Amino acid sequence: MPDSVKLTVNGATVEVPAGAMVATAVAVAGVSAYRRSVSGEPRGPLCGMGICFECRVTIDGRAHCRSCQVVCRPGMEVRTDG
Amino acid sequence: MADREFDVVVVGAGPAGLTASCRAAECGRQVAVLDDNPLPGGQIWRGASKEAAAWMRRAERLGVEWMTGARVFDSPEPQKLAVETFEGDWRIAYRSLILATGARERFLPFPGWTLPNVMGAGGLQALAKCALPVAGKRVVIAGSGPLLLAVARYMKTHGADVRLIAEQASQAAVMRFALSCPPGKLMQAISLRAGLFGIAYRTGCWPVSAQGKHRLESVTLRTADGRTWTEACDYLACGFGLVPNLELAALLGCRISRSGVDVDEFQETSAAGVFAAGEATGIGGLELSLVEGEIAGYAAGGNAERAKALFSARASHRRFAKALEKAFALRAELRDLPRPDTFLCRCEDVTFERVGACSNWREAKLHTRCGMGPCQGRICGGAAEFLLGWSAESVRPPVLPARVGSMSR
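Residue numbers here run from 1 along each chain, matching the order of that chain's written sequence. For this description, chains carry letters from A and ligands carry numbers from 1, given in the order in which they are written. This being a predicted model, a pLDDT of at least 70 is required before a residue's local features are given, and a value of 80 or more before pairs of side-chain atoms are given or counted; all residues contribute to the totals for chains, interfaces and linings.

1. Focus: the overall build of chain A
Heads up, the condition is: Runs of H or I in DSSP of at least four residues are treated as helices and runs of E of at least two as strands, each being numbered from the N terminus. When we talk radius of gyration, it's over C-alpha atoms, and the globule rule is simply 2.2 Å times the number of residues to the 0.38.
When helices and strands are counted, chain A shows 1 helix and 7 strands. The order of α-helices and β-strands along chain A, N terminus first, is β-β-α-β-β-β-β-β. Compactness check: chain A gives a C-alpha radius of gyration of 12 Å against a globular reference of 12 Å for 82 residues, within 12% of the reference. In terms of its C-alpha atoms, chain A occupies a principal-axis envelope of roughly 40 × 25 × 20 Å.

This is the structure in structure tokens:
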């Protein structure tokens, strides 16, 4: 297995260690607002374990994925809504 | 029609789920483990943990089947679970079920708690274990319980600049707890403390607000003697103890008491054939989870004698759990943390003032949408329980958000 994985976050390429979660890749890309709340606040991960749904992003076109529960795969396209 | 059938299905692949699945399989049962997370090990054994790897190797040798990234969202009929993964959805049938659903952190609202980079203590650690870079980051760790120390040590060994550990419990309570620990636990605590050399551990201290424009920039803390000051930081890792994950147990009609799922001496719940083990039965830590999982696994596997042999070990770990609960009880001042305009429900952005104007959880849901968002009250529920004395009244499927196609089968 390769040591690192390349994927894109909002079009920018990022490289993370193999096994990293999408939430990690978003942070490595320098993005802290993963989504906007219903009243427009920027939000990022809170629980880190799939409970709070604050870290939702769009992965390969699928909306509302919990980025803390999805392992990065090569070529994934991640979009934040922040 | 079920897609797959097993003698024993275990929900949760943390310590309790791993020991339960191995023991049930040793009794000759066909066993499957379902877990929401992408890898087995639960939260405490998240990432590359030797202990988890050893139990997983044993489970694999015994023929235990794994289904990770699997959310159990319903029980559409008796002895059957509806499960969704990224790829699709399944119906899994069982003769016996073991709930090892673990716990989540309790979060309490304070001004600024919704800012990006204000995270749970276990939450920040979970992401750091999945390669979130923390080297050189200024981290304040706050809240309550032994988890804060473990997180501090993890952050420090990974190069973070841990500015402070703020423990809300008083020094007297923490000391009494340390002295009541069995020798093994005390040694764990002492080695943890030694590993924290150079990090300030303040008891009777808690966060009152977080500040930042687009993300966290600083946190303001207060001590029991009234001192208040502000620390600049990149992350605030803040959790006020743990609360058990009870949604699935409630859906299955298991009786639930104040501390968790009620179980008999064989870890069987009030629902026949449904067992529960680990933090879901009440917060008790790793060792208690392991032994409860073993007992549940043997009992579900039909070997009562093997289960009974573990009762005395369980009793001593339960005494430790009681001491833990008493020492790290949350202080009343924390009820004053939220201001009227602080969001209590982060999914629906409902303020504390609006929720507090209601008289119970149901009314708050109906009138304000508090607890009606994607987390379905998993975050604000623990806060409302402490702040307002409310508990959730009922659970309805789906217990986790699921695709319409998965539910309509």
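2. Some points on the pairing of strand 9 (residues 138-144) of chain B
Residues and elements named next belong to chain B. Note the threshold: In this scheme every C-beta is placed from the backbone, and a residue whose C-beta has 20 or more other C-beta atoms within 10 Å is buried, one with 12 or fewer is exposed, and one in between is partly exposed. Only when DSSP finds a minimum of two bridges between them are two strands counted as paired. Here is how to tell: hold the view so the strands point away, follow the path from the first strand over the helix to the second, and if it runs clockwise the crossover is right-handed.
Most of strand 9 is tucked away: 6 of the 7 residues are buried. Sheet analysis places strand 9 next to strand 10 (residues 161-167), joined by 6 bridges and oriented parallel. Each residue of the ladder has a partner; that of V139, found in strand 10, is V162. Each parallel crossover has a hand, and for strand 9 linked through helix 4 (residues 147-157) to strand 10 it is right-handed. Bridge count between strand 9 and strand 15 (residues 235-240): 6 bridges; the pairing is parallel. Counterpart to A142 in the pairing with strand 15 is C238.

3. What to know about the interface of chain B and chain A
Just so we agree on the cut-off: This entry defines residue contacts through backbone-placed C-beta atoms, with two residues in contact when those atoms are within 7 Å. Each residue gets one of three labels, nonpolar for Ala, Val, Leu, Ile, Met, Phe, Trp, Tyr, Cys and Pro, charged for Asp, Glu, Lys and Arg, and polar for the others, Gly among them.
Of the residues lining the interface, 31 residues belong to chain B; the matching set on chain A comes to 32 residues. Counting residues per element, the ones that place at least two in the side of chain B that touches chain A are strand 7 (103-105) and helix 3 (121-129) of chain B. Tallied by class, the residues present in the side of chain B that touches chain A amount to 15 nonpolar, 8 polar and 8 charged.

4. With respect to the domain arrangement of chain B
For clarity, the cut-off: Residue ranges assigned to each domain were obtained from an automatic or database domain assignment.
Taken domain by domain, chain B comprises domain 1 (4-104 + 243-324), domain 2 (107-240) and domain 3 (338-388). For domain 2 of chain B and domain 3 of chain B, the distance between their C-alpha centroids amounts to 25 Å.

5. Some words on the nonpolar core
Residue and element names in this part refer to chain B. Spelled out, the test is: Put simply, a nonpolar core is buried Ala, Val, Leu, Ile, Met, Phe, Trp, Tyr and Cys residues tied into one set by C-beta atoms within 7 Å.
Grouped together as the largest cluster of nonpolar side chains are 88 residues, with contacts concentrated most on I141 and L236. The greatest single-element share of this core, amounting to 6 residues, is contributed by helix 4. Each of domain 2 (107-240) and domain 3 (338-388) accounts for three or more of the residues forming this core. Excluding residues within four positions of it along the chain, I141 makes contact with A121, L148, V151, A152, V162, I165 and A237. Residues F6, Y94, V291 and Y298 belong to the second largest nonpolar core, which totals 59 residues.

6. Some points on the sheet that holds strand 9 of chain B
Residue and element names in this part refer to chain B. Operational definition: Angles here are taken between N-to-C directions and fall from 0 to 180 degrees, while the axes themselves are lines fitted to C-alpha atoms, restricted in helices to the stretch in contact.
Pairing in this open sheet of 5 strands is parallel, and the strands run 8-15-9-10-11 from one edge to the other. What marks the edges here is a single partner per strand, and that holds for strand 8 (118-119) and strand 11 (201-203). Pairing analysis gives 3 bridges linking strand 10 to strand 11, with the strands arranged parallel. Bridge pairing in strand 11 places A166 opposite R202. Along the sheet, helix 4 contacts strand 9, strand 10 and strand 15; its crossing angle with strand 10, the most-contacted strand, is approximately 175 degrees.

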